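A structural walkthrough
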Amino acid sequence: MLMLEIIVRPEKVDDVMAELLLAGFPSISKMDILGRGKQKGIQVGTNHYNQISKKMLMMVIPEDDKEEVIDIVKRTARTGEHGSFGDGKIFVLPVLEAYTISNGKKEL
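Residues numbered from 1 in each chain as written. Predicted model: local features only at pLDDT ≥ 70, side-chain atom pairs only at ≥ 80, totals over all residues. Heavy atoms only, no water.

For the protein chain, the name recorded in an unreviewed UniProt entry is Nitrogen regulatory protein P-II family, with Paenibacillus sophorae as its organism. UniProt lists a comment for the protein chain under the heading Function (unreviewed entry), and it reads "Could be involved in the regulation of nitrogen fixation." (UniProt positions renumbered as here; feature names shortened; annotations may be inferred.)

1. What to know about the sheet that holds strand S1 (residues 2–8)
Read from one edge of the open sheet, four strands run S2-S5-S1-S6, paired in antiparallel fashion. The open sheet has two free edges, formed respectively by strand S2 (29–35) and strand S6 (88–94), since each of these has just one partner strand. Neighbour to neighbour, the strand axes of the sheet diverge by 25° on average, direction disregarded. Two elements, S2 and strand S5 (residues 52–61), share seven bridges in a ladder whose sense is antiparallel. Counted as the bridge partner of Lys-30 is Leu-57 from S5. In this fold helix H1 (residues 13–22) packs onto S1, S2 and S5, with an angle of close to 15° to the strand it touches most, S5. (Pairing = 2+ DSSP bridges. Helix = DSSP H or I, 4+ residues; strand = E, 2+ residues; numbered from the N terminus. Axes fitted to C-alpha atoms, helices over the stretch in contact; angles between N-to-C directions. Contact = heavy atoms within 4.5 Å.)

2. Focus: H1
Since the α-helix packs 3.6 residues into each turn, any two residues three or four apart lie on the same face. Looking at H1, one finds that the buried residues are Val-13, Val-16 and Leu-20. All buried residues of H1 project into a common sector of 65° when viewed along the axis, lining one side. Every exposed residue of H1 that faces more than 90 degrees away from the buried side is listed here: Asp-14, Leu-21 and Leu-22. In the core, the buried residues of H1 are packed alongside S1, S2, S5 and helix H2 (66–77). Just beyond H1, the residue with positive phi is Gly-24, at close to 95°. (Buried < 20%, exposed > 50% of the residue type's maximum accessible area, 1.4 Å probe, protein only. Arc of directions from axis to C-beta.)

3. Overview of the pattern of salt bridges
In this structure the tally under the stated criterion is six salt bridges. With a shortest N-O distance of 2.8 Å, Asp-87 and Arg-9 are connected by a salt bridge. With Asp-87 in the loop between H2 and S6 and Arg-9 in the loop between S1 and H1, the pair connects residues that are 78 residues apart, well separated along the chain. Judged by its relative accessible area of 12%, Asp-87 falls in the buried class. Residue Arg-9 is classed as buried on the basis of its relative accessible area, which comes to 18%. For Lys-55, the salt bridge is made with Asp-32, and the minimal N-O distance between the two is 2.2 Å. Highlighted residues: Lys-55 in strand S5 and Asp-32 in strand S2, separated in sequence by 23 residues. (Salt bridge = Lys/Arg side-chain N within 4 Å of Asp/Glu carboxyl O.)

4. Quick notes on the side chain of Asp-87
Reaching out from Asp-87, the side chain makes a polar contact with the side chain of Arg-9 at a distance of 2.8 Å. One polar contact links Asp-87 to Thr-79, side chain to side chain, over a distance of 2.7 Å. When residues no more than four places from it in sequence are discounted, the contact partners of Asp-87 are Ile-7, Val-8, Arg-9, Ala-77, Arg-78 and Thr-79. (Polar contact = N/O pair within 3.5 Å; in protein donor to acceptor, adjacent residues only side chain to side chain.)

5. A closer look at the packing of H1 against H2
For the pair H1 and H2, the least separation of the axes is 9 Å and the interaxial angle reads 145°. Of the two elements, H1 crosses H2, and the hand of that crossing is right-handed. For the pair formed by H1 and H2, the contact residues are Asp-15, Val-16, Glu-19 and Leu-20 on the first element and Val-69, Ile-72, Val-73, Arg-75, Thr-76 and Ala-77 on the second. (Left-handed = near helix turned anticlockwise from the far one by under 90°.)

Here you go:
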């Protein structure tokens, strides 16, 4: 199993979640986050914003589904034909164990 931590622009999160649902991936956690990338924020006129509002999606998937999910996210979260800075990031992490709290059962 893998955990994907997916950071996207706020205006793209609903599209990404809808496409994942249509593809059969309904289980997602969503959070509001603040952060910055390699560009160290953005400059708008004389104002510098070093923390930018983003959304983070977290999902656990079988390893066999990794490429499909990543392709959906890249296609759906990208702005414009070639994308642009600030479109987001996908982190892939191994999941060693998972437990259901209500019944205490180990899932993996």
